[in-house]
Amino acid sequence: MAKVLIIYNARLVDSRLDSPGSIVVVNNKIHSIFLGECTDSKSAAMFAGSTLDEHSLLEKPEFIDAQGLTLMPSFVDMHVHFRYPGQTQKEDLDSGLQAAMAGGIGTVVLMPNTNPVVSTQKMAQDIMEEAEQKQCARVFQTISITKDFAGTDTSELDTMNSAKIPVITEDGHDVESAAIMLEAMQKAGKQDVIVSCHCEDVSLAKAARPFRERALGFMKKYGIPADKYNVAIKNVPSSVDFEIDGNLTAANRLLALAEDTATERNIEIAKIAGCHVHIAHCSTAVSIDAVRRAKAQIAAGTAPAGFSVSVEVTPHHLSLSGVEAPFLRALVNPPLRSEHDRRALIKAIKDGTVDVISTDHAPHTAEDKAAGSPGFTGLETSFAVCNTVLVKNEHLPLTKLSELMSDKPAQLLNIQTGRLAIGYSADLVLVNPDEQWTVDAAQFFSKGKSTPQNGASLFGRVHATYFRGQKVFELK
């Protein structure tokens, strides 16, 4: 017996559609779509009945009045840390999935920098099977490019199954040896696996570390928690502030160079290897321009066979600049950049260079954040931040945001979701893009409560999330 769900009186928005309408879901897939005003269940039932056979109507349909809210494909996040296994004090499958659902996210790609490192397909499969039993979001677990992040052994890539594990990554750092990266990318190219790169020259990152550690040392000495960068601390000499901010600035300059050189390197290696390279959390004008040039070669037909490139940016790099107070001290990798860099990322969204917006959701305990652990919690604010910055402030259409947060990442992962289209998985989110609300990180489902958006007034609220036609979150 088929289970029928009819959502009516909605504004339907995806990467190609923006219209009043209704959707009929049969079992877990979108069965039919009706464009035009439909404000009552009787009319919705009439529309649905015209496409449903008798077998489909054996069970009474469930009607959802969207009350004029916007129905979109749920979001696909290609860069998420659940800290599972081994760091459940920071996050676990349950808290991470609850945060994803509250953020309207129906698919997450999990990073392998866990304890132990997820370095085998068997480990990844076990995590995905555990997540699948919860029936609330689609989970892809990546595996590391090299075994245990040691930078030498790529043997696990010899038998990769891209349908089950479409992405590999050394996220958290880069593969130091260009020769090993070439070996890994050649294997990935043969297996049609995406290589997601945390582009950061290892030697330059090492050179930056003492500056950040020196700044954190001053902060610890004077009782300045690293997670309270926007709170004035009394009785701190101005010379100390100068030392903290000066050292962080020196670190960030080196880390910008580290990103730029590694982005160029990884793109060039991918060309030789003939693989798809995905540039993770791109944050500088120089790096995004390197991607733009590579894409121009592909468009012109002058790129090597088998080579392709995609790039993601994060909500925090789109919304914040970090070269001065207060966000200079908001520690994340890669760091928050200059206003010039932020504008370059927005320009790259407008000209089509950027493929994906991903959160790089990186939860930490309060103690770890206070001590300087880099990373923000982002699953529950990503839509609102991006809607505020790109739709409200930059006047991009909501369809473009759906392309970046749903359609394009789903295409990269080769999954039939991310669009309001017949036959696609009924992974849906009801949002009010005009609703203004204030972020209260203490109310997050995620265990990680640290975000530079805490206290911010944003536009765009998630009201309900559906996974395969089942409601898995509702705003209270």
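See above for the structure.
Attention here is on the structure that accompanies the text. (Residues numbered from 1 in each chain as written. Predicted model: local features only at pLDDT ≥ 70, side-chain atom pairs only at ≥ 80, totals over all residues. Heavy atoms only, no water.)

### A few points about helix α3 (residues 121-132)
Thinking step 1. Taking 1.5 Å of rise per residue, 12 residues should cover 16 Å, and α3 covers 16 Å from first to last C-alpha, within 8% of that figure.
Thinking step 2. Looking only at α3, the buried set comprises Gln-121, Ala-124, Ile-127, Met-128 and Ala-131. Seen end-on, α3 carries its buried residues on one side only, within an arc spanning 130°.
Thinking step 3. Residues of α3 that are buried make contact with α2 (93-102), β7 (105-110) and β8 (138-141). (Helix = DSSP H or I, 4+ residues; strand = E, 2+ residues; numbered from the N terminus. Expected span 1.5 Å × (residues − 1). Buried < 20%, exposed > 50% of the residue type's maximum accessible area, 1.4 Å probe, protein only. Arc of directions from axis to C-beta. Contact = heavy atoms within 4.5 Å.)

### Digging into the environment of Lys-90
Thinking step 1. With respect to the secondary-structure elements, Lys-90 resides in the loop between β6 (75-80) and α2.
Thinking step 2. Between the C-alpha atoms of Lys-90 and Asp-368, which are 278 residues apart in sequence, the distance is 9.1 Å.
Thinking step 3. Excluding residues that lie within four positions of it along the chain, Lys-90 makes contacts with Arg-83, Pro-363, His-364, Thr-365, Asp-368, Lys-447 and Gly-448.
Thinking step 4. At 2.9 Å, the side chain of Lys-90 forms a polar contact with the side chain of His-364. (Polar contact = N/O pair within 3.5 Å; in protein donor to acceptor, adjacent residues only side chain to side chain.)

### Considerations on the sheet that holds strand β13 (residues 356-357)
Backbone hydrogen bonds are what pair the strands of a sheet, in a parallel or an antiparallel way.
Thinking step 1. What the 5 strands build is an open sheet, ordered β9-β10-β11-β12-β13; its pairing is parallel. Either end of the sheet is taken by a strand with one partner, and the two such strands are β9 (167-169) and β13.
Thinking step 2. On the sheet, helix α7 (residues 285-300) packs against β11 (276-279) and β12 (308-313) and is oriented at approximately 150° with respect to β12. (Pairing = 2+ DSSP bridges. Axes fitted to C-alpha atoms, helices over the stretch in contact; angles between N-to-C directions.)

### Some thoughts on the pattern of salt bridges
Thinking step 1. Within the structure shown, the criterion is met by 27 salt bridges.
Thinking step 2. Here Arg-293 ties to Asp-289 by a salt bridge, and the two come within 3.0 Å at their closest N and O atoms. Taken together, the residues Arg-293 and Asp-289, both in helix α7 and 4 residues apart, mark about one turn of the helix.
Thinking step 3. Note that Glu-394 is salt-bridged to Arg-343, the shortest N-O span being 2.6 Å. Residue Glu-394 is located in the loop between α11 (382-393) and α12 (398-413), and its partner Arg-343 is located in helix α9 (residues 339-350); the two are separated by 51 residues in the primary sequence.
Thinking step 4. Glu-394 sits in the buried class, given a relative accessible area of 16%.
Thinking step 5. On the basis of relative accessible area, Arg-343 is assigned to the partly exposed category, the value being 34%.
Thinking step 6. Bridged by salt links that share partners, the residues Glu-264, Asp-289, Arg-292, Arg-293 and Asp-351 form one connected network. (Salt bridge = Lys/Arg side-chain N within 4 Å of Asp/Glu carboxyl O.)

### Quick notes on the environment of Lys-42
Thinking step 1. Structurally, the position occupied by Lys-42 is in helix α1 (residues 41-49).
Thinking step 2. Under the relative-accessibility criterion, Lys-42 is labelled exposed at 70%.
Thinking step 3. In this structure, the C-alpha to C-alpha distance between Lys-42 and Phe-63, residues 21 residues apart in sequence, is 9.8 Å.

### Points about the packing of aromatic side chains
Aromatic ring pairs are defined here through the distance separating the ring centres and the angle between the ring planes.
Thinking step 1. Using the criterion set out here, one finds 5 aromatic pairs in the structure.
Thinking step 2. On the basis of an interplanar angle of 15° and a centroid distance of 5.4 Å, the ring pair of Phe-75 and Phe-383 is categorised as stacked. Here Phe-75, found in strand β6, pairs with Phe-383, found in helix α11; they are 308 residues apart in sequence, far enough to count as distant. Take Phe-75 and Phe-383: they sit in the same class, and that class is buried.
Thinking step 3. Centroid distance Phe-445 to Phe-473: 6.2 Å. Interplanar angle 90°. Geometry classified as edge-to-face. Within this pair, whereas Phe-445 is found in the loop between β14 (428-438) and β15 (457-467), its partner Phe-473 is found in strand β16 (residues 470-474), the two being separated by 28 residues in sequence.
Thinking step 4. Taking the relative accessible area as the measure of exposure, Phe-473 reaches 12% and is therefore buried.
Thinking step 5. Lying across the ring of Phe-459, Lys-392 places its NZ or CZ 5.5 Å from the centre.
Thinking step 6. The side chain of Arg-419 reaches across the aromatic face of Tyr-424, ending 5.6 Å from its centre. (Phe/Tyr/Trp six-rings, centres within 6.5 Å; stacked < 30°, edge-to-face > 60°. Lys NZ or Arg CZ within 6 Å of the ring centre and 35° of its normal.)

### What to know about unusual backbone geometry
Thinking step 1. Between Asn-115 and Pro-116 the backbone carries a cis peptide bond, its omega angle lying at 5°.
Thinking step 2. Relative to the helices and strands, Pro-116 resides in the loop between β7 and α3.
Thinking step 3. Residue Pro-326 follows Ala-325 across a cis peptide bond; omega there is 0°.
Thinking step 4. A positive phi angle, close to 60°, is found at Asp-192, a residue other than glycine.
Thinking step 5. You can see Asp-192 is positioned in the loop between α4 (178-191) and β10 (194-197).
Thinking step 6. In this model, His-281 sits at a positive phi of 30°, which is unusual for a non-glycine residue.
Thinking step 7. Here His-281 shows up in the loop between β11 and α7.
Thinking step 8. We classify His-281 as buried; its relative accessible area is 3%.

### So, the nonpolar core
Thinking step 1. By size, the foremost hydrophobic cluster in this structure holds 87 residues, and its most contacted members are Met-185, Ile-357 and Leu-390.
Thinking step 2. Considering each element in turn, this core owes the most residues, 7 residues, to α11.
Thinking step 3. With near-sequence residues (within four places) excluded, Leu-390 lies in contact with Leu-318, Ile-346, Ile-349, Ile-357, His-395, Leu-396, Leu-401 and Leu-404.
Thinking step 4. Among the nonpolar cores identified, the runner-up in size contains 20 residues, and Leu-5, Leu-17, Ala-66 and Ala-464 belong to it. (Core = buried A, V, L, I, M, F, W, Y, C linked by side-chain atoms within 4.5 Å.)

### Overview of the packing of α7 against α9
Thinking step 1. The interhelical angle for the contact between α7 and α9, taken along N-to-C directions, is 25°, at an axis separation of 8 Å. Here α7 is positioned roughly parallel relative to α9, judged by the angle of their axes. Pair α7 / α9 crosses with left-handed handedness. Of the residues in α9, those touching α7 at Ala-285, Ile-288 and Arg-292 are His-340, Asp-341, Ala-344, Leu-345, Lys-347 and Ala-348. (Parallel < 35°, antiparallel > 145°, perpendicular 65-115°, else oblique. Left-handed = near helix turned anticlockwise from the far one by under 90°.)

### So, the sheet that holds β6
Thinking step 1. The sheet built from 3 strands is open, its strands ordered β6-β7-β8 with parallel pairing. Each end of this open sheet is capped by a strand with a single partner; those strands are β6 and β8. Looking at each pair of strands side by side, their axes are set apart by 15° on average, direction ignored.
Thinking step 2. Two strands pair when backbone bridges link them, and β6 and β7 are joined in this way by 4 bridges, in the parallel orientation. Looking at the pairing, Val-76 lines up with Thr-107 of β7.

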